[in-house]
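Topology and contacts: notes
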Amino acid sequence: MSKPEILLEGVVFGESPRWHDGRLWFSDWGANQVIALDAENRPEVIAEVPSFPMCIDFLPDGRLLVVDSAQRTLVRREPDGSLVPHADLSGVSDKPWNDIVVDDRGNAYVNNIGFDFPAGEFSPGSMVRVTPDGSVRQVADGLAFPNGMAITADGATLIVAESYADQLTAYDIAADASLGGRRVWARTPGDHPDGICVDADGALWYADVGNRRCVRVREGGEVLAIVELDRGAFACALSRGADPKLYVVGQNWGGDSSEPTGQVVAFPAPAPGAGRP
């Protein structure tokens, strides 16, 4: 596919892009900021949370949720801009909390890496469900570095990237928002999927840091498209409506640099986003 359009440079460590309310939002973990881009791609700092990781998603009423991994909490941005506690995650794990996806009923699914990445010894990760009233319950375990998550357009399936297993794993979402029916949605041999998003054709895009690309796949693993970057691709999001675009946040990984290498870029996409986030 075509070369990307560069929308923003100077990002310290971009992650967790989300299309919301007609514009792109993302987290700059290195700057501890949640940022939204306007129509001219000018950045607006929406919130500041001193945490790494710091993934985001939105409640059905539009309020922002931020995973404050440093404090092991989920915080909520109120209409006046204040950040308030939404849920306490500390009783489940003291290891890093990572990605989040919220269903259309306001249930938030948050995953936990399970070990101190990158220096700690590997241990399987888990996932919790946070109800709208803030109660927390573990709903999945045994995940090999759980990363990006998405919910399909019909609200029936949650997909999580298992970066250390080279696969995308799916769960059925029950009426009570619990998870079951675990299965492999697609294997990604040689790729370590990170951030993901689903599109209106039922396909899924995943970002791959090491291979510096994003890949579009069907359930079962058929590769439909690949876009290449000149640096690690950490996560991706799709716009909605006409003229869809795939937005990717990426930066150099594993090297020393005196300047931020993070970028937000966009590619034309064959289908708009669907489901959540």
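Description of the structure in this document. (Residues numbered from 1 in each chain as written. Predicted model: local features only at pLDDT ≥ 70, side-chain atom pairs only at ≥ 80, totals over all residues. Heavy atoms only, no water.)

1. Things to note about the packing of aromatic side chains
Under the defined criterion, the tally for this structure stands at 16 aromatic pairs. Between Phe13 and Trp29 the ring centres are 5.5 Å apart and the planes differ by 5 degrees, which places this aromatic pair in the stacked class. Taken together, the positions of Phe13 in the loop between strand S1 (5-11) and strand S2 (14-20) and Trp29 in the loop between strand S3 (23-28) and strand S4 (33-37) put the pair 16 residues apart, joining distant regions of the chain. Its relative accessible area of 11% is what places Phe13 among the buried residues. Ring plane angle 80 degrees and centroid distance 6.3 Å describe the contact between Phe115 and Phe117, whose orientation is recorded as edge-to-face. You can call Phe115 buried: its relative accessible area is 3%. Members of the aromatic cluster, connected to one another through ring pairs, are Phe13, Trp29, Phe52, Phe115, Phe117, Phe122, Phe145, Tyr164, Phe234 and Trp253. (Phe/Tyr/Trp six-rings, centres within 6.5 Å; stacked < 30°, edge-to-face > 60°. Helix = DSSP H or I, 4+ residues; strand = E, 2+ residues; numbered from the N terminus. Buried < 20%, exposed > 50% of the residue type's maximum accessible area, 1.4 Å probe, protein only.)

2. Observations regarding the nonpolar core
One finds Val34, Val66, Leu74, Ile100, Val110 and Val130 to be the most contacted residues of the largest nonpolar core, which totals 30 residues. Among the secondary structure elements, those contributing two or more residues to this core are S4, strand S5 (43-48), strand S6 (56-58), strand S7 (64-68), strand S8 (73-77), strand S10 (97-102), strand S11 (108-112) and strand S12 (125-130). A total of four residues in this core trace back to one element, the largest contributor, which is S7. In this structure Val110 touches Val67, Leu74, Leu89, Trp97, Asp99, Ile100, Ser126, Met127, Val128, Val130 and Met149, once residues within four positions along its chain are discounted. In this structure, Cys214, Leu238, Leu246 and Val248 belong to the second largest nonpolar core, which totals 15 residues. (Core = buried A, V, L, I, M, F, W, Y, C linked by side-chain atoms within 4.5 Å. Contact = heavy atoms within 4.5 Å.)

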